[in-house]
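# Topology and contacts: notes
Here's the letter readout for the chains.
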Amino acid sequence: MPEQVNKTPCCLGLLAHVDAGKTTLSEAMLYLAGAKRTLGRVDHGDAALDTDPLERARGITIFSKQARLTCGGRELVLVDTPGHADFAPEAERVMPVLDCAVLVVSGTDGVQAHTLTLWHLLQRYNVPVFLFVNKMDLPGSDRGKLLSQLRDRLSPGCVPMDLPREELEEAAAVCDDALLEQYLSGSPVTDGNLRSLIQERKLFPVCFGSALRLSGVQTLLDTLARFAPEKAWPAEFGARVYKISRDPQGNRLTWLRVTGGELRVRMPVSYRNLKGETLEEKPLQLRLYSGEKFTLSDAAPAGTLAAVTGLTATWAGQALGAEEAAPPPALEPVMTYRVKLPKGVDPSQALPKLKLLEEEEPQLRLLWEGDQIHVQIMGRVQLEVFTSLVRDRLGMEVTLEDRRIFYKETIRGTVEGVGHFEPLRHYAEVHLLLEPLPAGSGLVFDTVCPTDVLDGNYQSLILTHLAEKTHRGVLIGAPITDMKLTLLVGKAHLKHTEGGDFRQATYRAVRQGLMQAESVLLEPWYDFSLTAPTDSIGRAITDIRAMGGEFDAPQASGDMSILKGTVPAGEVRDYADTLAAYTRGRGRLQLAFHGYAPCHNAKEVIEAAAYDPEADTGNTPDSVFCAHGAGFNVKWDRVRDYMHLESGLKTEKPPVLLQRSRIDDRELEAIMEREFGPARRRIYTAPAQRSAKEEVPLPPPRQKWILVDGYNIIFAWEDLKKQAEADLDAARRQLCDAMVGYAGFTGTQVVVVFDGYRQKGSLGEKERYHNIRLVYTGEGETADRYLEELAAGIGKNDSVWVASSDSLVQLSSFRSGVLRMSARELGEEVERASREIGKFLKN
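In what follows, the accompanying structure is described. (Residues numbered from 1 in each chain as written. Predicted model: local features only at pLDDT ≥ 70, side-chain atom pairs only at ≥ 80, totals over all residues. Heavy atoms only, no water.)

## Quick notes on the packing of aromatic side chains
The description of an aromatic ring pair uses the distance of the two centres, along with the angle that the planes make with each other. Formally: Aromatic contacts are taken between Phe, Tyr and Trp rings whose centres are within 6.5 Å, Trp giving its six-membered ring; a plane angle under 30 degrees counts as stacked, one over 60 as edge-to-face, and the others as tilted. Working definition: with a 1.4 Å probe on protein chains only, accessible area under 20% of the residue-type maximum means buried, over 50% means exposed, and in between means partly exposed.
This structure, assessed with the given rule, holds 11 aromatic pairs. Ring geometry for tyrosine 289 versus phenylalanine 294: centroids 5.0 Å apart, planes at 45 degrees, classification tilted. Residue classification places phenylalanine 294 among the partly exposed positions, given a relative accessible area of 36%. Look at phenylalanine 625 and tyrosine 642: their rings are 6.0 Å apart centre to centre, the planes differ by 55 degrees, and that puts the pair in the tilted class.

The following block contains the structure:
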């Protein structure tokens, strides 16, 4: 796709740990760039980007805001993000739309736990980083120690930008082997080289100063003007949504960055909502914000950040047009609370109103459990902000109770889950491969199902159903994570499959697979850094051990000691207050989300939950089959005996050696009638009246059949095709011998049909060849017609495949509602069986 260089503003994120002076720096940057006439201050409540009453009341940034400024001929869009760890997901949502970021570090505190969290997130989203070390005017700030800490804990590529040019070039050259070789050969390091190193995240410019004193801020602005990345954008329209909000008039705003082409007012935009439904809507306004003010534009070229009205169902993190989907968020809430509503308020009526807040703040995840509303929260500060938002926006005084850890579940090992949904006049079957993934991977969905087995539209529908639901584990009913769910095979019915059938089959396949797997309970863990007087560090070690935490040996720093490690989030609770109490205010605890890991007290949690996965009717692992016009339920552990499709996971079976035999036509016709005729259907008769406690007998499992279009396979397989050119009879024998071995090894019933349509005077012939059946059709009877009638005759109580690459034969098998197998796929099946037979004979 052709790319175009677009001189749109550089999108610059401003990130920091709490109290690093980030908002003060944004004020200084706007002031020195001429975007503001006066300096605002957080403690005065007049900062340009902290405009929400909650932000001004608390003196912290809660919501991301943007402002425009120009420096050195470069136009920048400054995006200010929250610094408190409780609102880190808000900062993460902005990162995919950034061209670069300024990470602010306090000169008195150095690199904090949340600094590392932000650093890793910027690395995850491949965002170039400039560093500003603030508060260098305060006692305790040591430039040399701070630079050493940045290089040790962040990257060796952290280079001060106020070095003499020769030293700067030498420090930059060390960051890249090719550039170092060039530099040692006598070539200078150019600004273009520096810009490339920054873009590739090999060089991280560092500026030191004091935002409050306007010290070092101009150096930062000049550095950004010279080295901020310039992007080339594709010509095709694309955009990424990073926030949803509402203006004072209640208009819904979709905040996005155009990542390709151009977005125009009234231009049709197609997208999927969270339900998977496709919508086409037109933007009514394109707003370009700076602080609280905005200008309207008729068009937004690639690279533009805009707030769009007119899109009613977009969501934060969504990709529009040609834009690729972003990875799932790394940060998520770890605590769940029950929302206690005011007396007389119906929870079912309050939930849609609260959902409006969730839409704007996705980290406030609302759950509906047992006619009660629960909310997931990052921490105590966010809890207080949530109750304030509900009061101010919805006029309800709510309290949060019943604090619980938000657990998750995953699996060990690989399993195949099967779901079948076939009440009367409905039909769908789904086979899924469930595989564990590394921690933090989330859920990944894929398909390897051939389109000649299941139509692509049905496969897309199955993937949508996998993504639309919160699938529950079988230990305590917690959501599953860190797994890949792959569609192996599926089956629809030409007449009876309806929209909801694959939803039911997909849900049941996931659950049936989980019931077979070895499940693992996961809980959230924190990285912690605990600083305490050395004489109190023993108490801290004892407490962390009691919590089930893990840590390294403490490090001494003067009369203080530092303890670092990981600890279960559910055990920490208000330990920061406890630490401050027994150290007389000198102790300090820093926490950063580490991720989900195996639960340290899984047995205790599982027993307390007393969850019965088979009793959870909303997440059933059982399947529904049909026999003689009536649906019947099959328990999850017997579904594989009744499934209509062959397993997507191949299992070894010992070969069965059968003897060659010849039978006369009368005996053969009797066998064919028994296999294909009136006696083909197994009889299942339910008693007219049965006790509710009496077990209903189930129909027997299904037999697999492969009906082979003989001549089509011969002329599709290269070795048989060459043999047929010299001796057609020999080619037929080779095909039949191959199918004999396959049938014996797999236990499959095989019928090979050779077309006698053009053989004058042929009456047709049927015979048994070892353990397979051969059919030569008579004059005027085509193989595809015979195969269609034969498949229909066997009936749907058995699993029938037609092997042919002839389009007419495949079409006729599709009309019969049986499965299709190409000549190539049959060859692969036969070859696989041949290898397994060889292994068996060697043993």
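## Thoughts on the nonpolar core
Applied cut-off: Among buried residues, the Ala, Val, Leu, Ile, Met, Phe, Trp, Tyr and Cys ones that are joined through side-chain atoms within 4.5 Å form a nonpolar core. Each helix is a run of H or I in the DSSP string that is no shorter than four residues. Each strand is a run of E no shorter than two, and both are numbered from the N terminus. Here a residue-residue contact requires only that any non-hydrogen atoms of the pair lie within 4.5 Å.
Among the nonpolar cores identified, the biggest contains 94 residues, and Leu131, Val375, Phe386, Leu530 and Tyr575 are the most heavily contacted of them. No other element matches the seven residues that strand S29 (residues 518–533) contributes to this core. In contact with phenylalanine 386, not counting residues within four places along its chain, are Val339, Leu354, Leu364, Val375, Ile377, Val398 and Leu400. If you look at the next biggest cluster of nonpolar residues, it comprises 59 residues, including Val415, Phe745, Ala833 and Ile837.

## Quick word on the side chain of serine 519
Of note, serine 519 is situated in strand S29. For serine 519, a relative accessible area of 17% puts it in the buried group. Beyond its immediate sequence surroundings of up to four residues, serine 519 is in contact with Glu409, Thr410, Ile411, Val474, Leu475 and Leu514.

## Considering the environment of aspartate 612
How we decide: Any pair of nitrogen or oxygen atoms within 3.5 Å is treated as a polar contact; in protein, a donor-acceptor pairing is required on top of that, and neighbouring residues in sequence qualify only through side-chain atoms on both sides.
Mapped onto the secondary structure, aspartate 612 falls in the loop between helix H17 (602–609) and strand S34 (623–627). A C-alpha to C-alpha distance of 8.0 Å links aspartate 612 and leucine 475, two positions 137 residues apart in sequence. Looking at aspartate 612, its side chain comes within polar contact range of the main-chain nitrogen of glutamate 614, at 3.1 Å.

## Structural notes on the pairing of strand S26 (residues 428–436)
On any regular strand, side chains alternate: one points to one face of the sheet, the next to the other face. Using the following cut-off: If DSSP finds at least two bridges between two strands, the strands pair.
The buried fraction of S26 is high, at seven of nine residues. Between the end of strand S25 (residues 415–421) and the start of S26, which pair antiparallel, lie six residues, with arginine 425 showing a positive phi angle near 65 degrees.

## Topic: the sheet that holds strand S37 (residues 749–754)
Which entries qualify depends on this criterion: Here an axis means a line fitted to C-alpha atoms, over the contact stretch when the element is a helix, while the angle between two N-to-C directions is reported on a 0 to 180 degree scale.
Spatial ordering of the open sheet is given by S38-S39-S37-S36-S40-S41, a layout of six strands whose pairing is mixed. The open sheet terminates on both sides in strands that have one partner only, identified here as strand S38 (765–769) and strand S41 (819–821). The sheet shows a mean angle of 20 degrees between the axes of neighbouring strands, taken without regard to direction. Bridge count for strand S40 (residues 799–803) against S41 is three bridges, and the pairing is parallel.

## Concerning the packing of helix H14 (residues 537–546) against helix H16 (residues 575–582)
Stated precisely, the cut-off is as follows: Under this scheme an angle from 65 to 115 degrees is roughly perpendicular, one under 35 degrees roughly parallel, and one over 145 degrees roughly antiparallel; angles in between are oblique. For a crossing to be left-handed, the near helix must be turned anticlockwise from the far one by less than a right angle; the clockwise case is right-handed. Polarity classes work like this: nonpolar for Ala, Val, Leu, Ile, Met, Phe, Trp, Tyr, Cys and Pro, charged for Asp, Glu, Lys and Arg, and polar for all others, with Gly in that last group.
Where H14 meets H16, the closest approach of the two axes is 11 Å, and the angle between their N-to-C directions is 160 degrees. It follows from the interaxial angle that H14 and H16 lie roughly antiparallel. Viewed along their axes, H14 and H16 form a crossing whose handedness is right-handed. Contact residues: H14 offers Arg539, Ala540 and Asp543, while H16 offers Tyr575, Thr578 and Tyr582. For the contact of H14 with H16, the per-class residue count stands at three nonpolar, one polar and two charged.

## Here we look at the sheet that holds strand S18 (residues 305–309)
Strand order in the open sheet made by the six strands is S16-S15-S18-S11-S10-S19, with antiparallel pairing throughout. Pairing within the sheet leaves two strands with one partner each, and these edge strands are strand S16 (293–297) and strand S19 (319–321). Each strand axis lies, on average, 40 degrees off the axis of its neighbour in the sheet, ignoring direction. The pairing of strand S10 (residues 238–246) with strand S11 (residues 252–260) spans eight bridges and is antiparallel. Residue pairing for S11: arginine 246 is matched across the bridge by arginine 252. Across the sheet, helix H10 (residues 347–360) touches S10 and S11, and the angle it forms with S10 is around 135 degrees.

## Notes on the environment of glutamate 170
With respect to the element layout, glutamate 170 can be found in helix H6 (residues 165–173). In sequence terms glutamate 170 and tyrosine 183 are 13 residues apart; their C-alpha atoms lie 7.8 Å from each other.

## With respect to unusual backbone geometry
Unusually for a residue other than glycine, lysine 135 sits at a positive phi of about 65 degrees. Counting through the fold element by element, lysine 135 comes out in the loop between strand S6 (129–134) and helix H5 (143–153). Overall, lysine 135 belongs to the partly exposed group, its relative accessible area being 23%. In this model, arginine 573 sits at a positive phi of 45 degrees, which is unusual for a non-glycine residue. Tracing the backbone shows arginine 573 in the loop between helix H15 (569–572) and H16.

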